Amino acid sequence: MKSNIMAQVKVGMVMVSDGKSRPQPMRLQLCENMLLLQKEEIVNSNITICHQEPPGDSRERIVKVVRQKIGGLGLSIKGGAENKLPILISRIFRDQAADQTGQLFVGDAIIKVNNINVEKVNHDDAVNILRTAGDEVILSVRHYRAATPFLSKSLQRCRNPPPEEPPNRAKDDDLWRVPKSPHTPQASVPIRLERKWVDVMTIQLLMAYLTRYMLDTDKLRPNAFEIKSQDGKPSAVVHCDDASMLSEWIKHISNNILQITTQHIKSLNKSLSPSDQILYLGWVNEGTLAPQPWYKWHQRCLALKGAEFYLYSTPPQTLQDFTNCSSVYKVYQSMFRCLKESEFVDERQNCFMIQTGTSETHYLCAETKADLLRIETAWHRATYNAVTKLGSKTFSVIYKGKTGGLTLDWNMGFALYDTEAKCYAWSYRFSQLKGSSDDGKTKLNLHFQNLETKVIESKELECPALQSLLYCMHAFLTAKVASVDPSFLRGM
């Protein structure tokens with residue numbers, strides 16, 4: 001299995017966005033169990049010229065910076081009250097204290113230093129406060145996008161680390177220190193720039209969610225897809241040059257997701273009995289009727305385990321999660337049906353419906369036709385497991401004015417037990433059923449063929465739990481059909 005996953009490794013250039021802002025060029029690197037989104041940086045030995053992507057909002061953040069003996073805080077600042085600007089981080093030095101936090105960005109405005117408000121202080125005072133703040137410095141920062149023009153010259157300029165003497169006021173104030181060496185001349189050293197791919201985002205592929213549809217809608221993204229980690233964070237929209245590139249990326253990523261998820265299911269199944277195995281675990285979308293005359297789609301995780309199916313908002317991580325699911329239903333008390341295109345409610349394809357014995361209807365769709373086929377196959381296998389484990393099920397009915405019990409039995413078939421006479425009034429094999437009809441309320445007609453006379457014999461029943469009876473009957477018949485296919489059973 002590992003060699004198959006490794007065969008899916010792929011690297012290529014695409015455009016990536018968050019679905020709202022303008023796409024940026026990035027490199028995708030598909031690894032064994034993760035997808036890396038990488039951005040090119042131009043760096044020298046000490047300074048990062050193009051830092052990682054800053055936060056997209058302006059919420060206040062608290063960041064702890066541990067001052068280094070060599071390098072100090074590892075950042076430079078600009079601005080101040082005399083410039084009618086906040087105190088702005090203008091540079092972050094590679095591998096120094098600020099850079100190691102991973103939470104500070106060029107363009108961040110420093111609001112507080114160890115609870116000392118610096119929003120209205122001048123530049124020199126801010127420098128002194130930062131330099132005397134101690135070894136552990138708590139910074140309150142907020143990203144300040146308006147600072148981009150002010151800092152642009154600083155970002156474009158690259159210079160050597162400053163000497164220990166006071167900084168030049170025409171330049172940034174560098175809050176770091178590098179000891180002088182008597183053997184190191186003060187002459188300028190040529191700057192060597194290099195290009196490096198830096199990880200911007202890592203999406204774990206176990207139960208990752210990949211879709212071409214725009215959030216909550218039936219609209220496809222043109223030559224683009226969205227991929228999220230299983231908890232929805234992080235998330236990225238990947239734009240491809242053409243349909244061929246789009247198809248290739250979706251194919252490779254989907255294959256890795258499927259194989260990793262399959263391995264995860266196998267590891268969970270080691271602790272389960274053969275009749276209680278997990279047969280399917282994957283993402284679907286559920287359509288619900290919105291106030292407007294269209295459907296709104298919600299991400300769901302569908303699981304088939306033993307005799308039950310589950311619907312989650314987030315995937316189950318452990319076997320314990322299966323015991324805590326609020327939406328769980330018996331497979332043999334539910335009806336699964338793939339829908340025809342004429343039955344679709346909007347532009348979403350690969351739709352199916354699950355109706356439960358509790359009168360709930362779930363209108364769902366799979367991302368691809370292959371996904372829908374896997375769900376349908378897993379449902380039939382779950383139905384077979386559920387019915388064979390159940391063995392038989394009896395429903396209270398009225399036949400010819402008398403109370404009785406209609407039993408569906410895996411070995412015997414249909415059998416009506418006369419409660420008053422305390423004996424079976426009739427019985428038929430499942431294969432003898434040639435048709436059925438109902439009024440949608442309580443009345444059910446079953447049509448059996450007599451094996452000897454070949455005559456069709458109809459039985460009219462009144463059943464208070466008609467829907468549950470119909471779903472259970474369908475489950476037994478589906479399981480019987482599955483049982484005559486040896487290859488189907490071996491696949492379980």
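Look a little higher up for the structure.
Residues numbered from 1 in each chain as written. Predicted model: local features only at pLDDT ≥ 70, side-chain atom pairs only at ≥ 80, totals over all residues. Heavy atoms only, no water.

**Student:** How should I be thinking about the pairing of strand β1 (residues 10–17) in this particular structure?
**Tutor:** Sheet faces and side chains relate simply in a regular strand, where the side chains alternate between the two faces. Looking at chain direction, β1 and strand β2 (residues 24–30) are connected through seven bridges and run antiparallel. Looking at the pairing, Met-15 lines up with Pro-25 of β2. Here β1 hands over to β2 after six residues, with Gly-19 in that stretch at a positive phi of 90°. Here β1 runs beside strand β14 (residues 235–239); their pairing, made up of three bridges, is antiparallel. Note that in β14 the partner of Met-15 across the bridge is His-239. (Pairing = 2+ DSSP bridges. Helix = DSSP H or I, 4+ residues; strand = E, 2+ residues; numbered from the N terminus.)

**Student:** I keep staring at the packing of helix α6 (residues 369–390) against helix α7 (residues 466–483) and nothing clicks. Help me out?
**Tutor:** The packing of two helices is summarised by the inter-axis angle and the distance between the axes. As a packed pair, α6 and α7 sit with axes 8 Å apart at the nearest point and diverge in direction by 105°. As far as their axial angle goes, α7 and α6 are roughly perpendicular. Between α6, through His-380, Thr-383, Tyr-384, Val-387 and Leu-390, and α7, the contact on the second element is made entirely by Ala-475, Phe-476, Thr-478, Ala-479 and Ser-483. (Axes fitted to C-alpha atoms, helices over the stretch in contact; angles between N-to-C directions. Parallel < 35°, antiparallel > 145°, perpendicular 65-115°, else oblique. Contact = heavy atoms within 4.5 Å.)

**Student:** Is there a simple way to think about the pattern of salt bridges in this case?
**Tutor:** A full pass over the atoms with the stated rule returns ten salt bridges. Two residues, Arg-61 and Asp-108, come together in a salt bridge whose shortest N-O distance is 2.6 Å. Here Asp-108 lies in strand β7 (residues 108–113) and Arg-61 lies in strand β4 (residues 61–66), a separation of 47 residues in the sequence. Take Arg-61: its relative accessible area is 18%, and that puts it in the buried class. (Salt bridge = Lys/Arg side-chain N within 4 Å of Asp/Glu carboxyl O. Buried < 20%, exposed > 50% of the residue type's maximum accessible area, 1.4 Å probe, protein only.)

**Student:** Could you clarify how one ought to interpret the sheet that holds strand β17 (residues 308–312) in this entry?
**Tutor:** Whenever strands of a sheet pair, they do so through backbone hydrogen bonds, lying parallel or antiparallel. The strand order across the open sheet formed by seven strands is β18-β17-β16-β15-β21-β20-β19, and the pairing between neighbours is antiparallel. Bordering the open sheet on either side are β18 (328–330) and β19 (334–338), each of which pairs with just one other strand. Taking each pair of neighbouring strands and ignoring which way they run, the sheet shows an average axis angle of 30°.

**Student:** Is there a simple way to think about the nonpolar core in this case?
**Tutor:** Nonpolar side chains tend toward joint burial in soluble globular proteins. Ranked by internal contacts, the top residues of the largest apolar core, which has 30 residues, are Leu-406, Leu-408, Phe-414, Trp-426, Leu-446 and Leu-461. Contributions of two or more residues to this core are made by α6, β22 (392–399), β23 (402–409), β24 (413–418), β25 (423–428), β27 (443–449) and α7. The dominant element in this core, judged by the number of residues it contributes, is α7, at eight residues. Leave out the neighbours within four places in its chain, and Leu-408 touches Gly-391, Ser-392, Lys-393, Phe-395, Gly-413, Phe-414, Leu-469, Cys-472, Met-473 and Phe-476. Listed in part, the 25 residues of the second largest apolar core include Val-63, Ile-77, Ile-89 and Val-113. (Core = buried A, V, L, I, M, F, W, Y, C linked by side-chain atoms within 4.5 Å.)

**Student:** Would you explain the packing of aromatic side chains in this entry?
**Tutor:** When we look at a pair of aromatic rings, we describe it by the centre distance and by the angle of the planes. Here the structure, examined in full by the defined rule, presents 18 aromatic pairs. Arranged with centres 6.1 Å apart and planes meeting at 90°, the rings of Tyr-312 and Phe-322 form a pair that is edge-to-face. Taken together, the residues span a long stretch of sequence, with Tyr-312 in strand β17 and Phe-322 in the loop between β17 and β18 at a distance of ten residues. Taken as a pair, Tyr-312 and Phe-322 share a single burial class, namely buried. Pairwise contacts between aromatic rings join Tyr-399, Phe-414, Trp-426, Tyr-428, Phe-430, Phe-448 and Phe-476 into one cluster. Between Lys-305 and the ring centre of Phe-322, over which it is positioned, the NZ or CZ distance is 5.7 Å. (Phe/Tyr/Trp six-rings, centres within 6.5 Å; stacked < 30°, edge-to-face > 60°. Lys NZ or Arg CZ within 6 Å of the ring centre and 35° of its normal.)

**Student:** In this structure, what is going on with the pairing of strand β26 (residues 433–438)? I would like to understand it.
**Tutor:** Inspection of the sheet shows β26 paired to β27 by five bridges, in the antiparallel sense. When the bridges of β27 are listed, Ser-437 appears paired with Asn-445. Hairpin geometry of β26 and β27 is characterised by an intervening segment of four residues between the two adjacent antiparallel strands and by a positive phi of about 75° at Gly-440.

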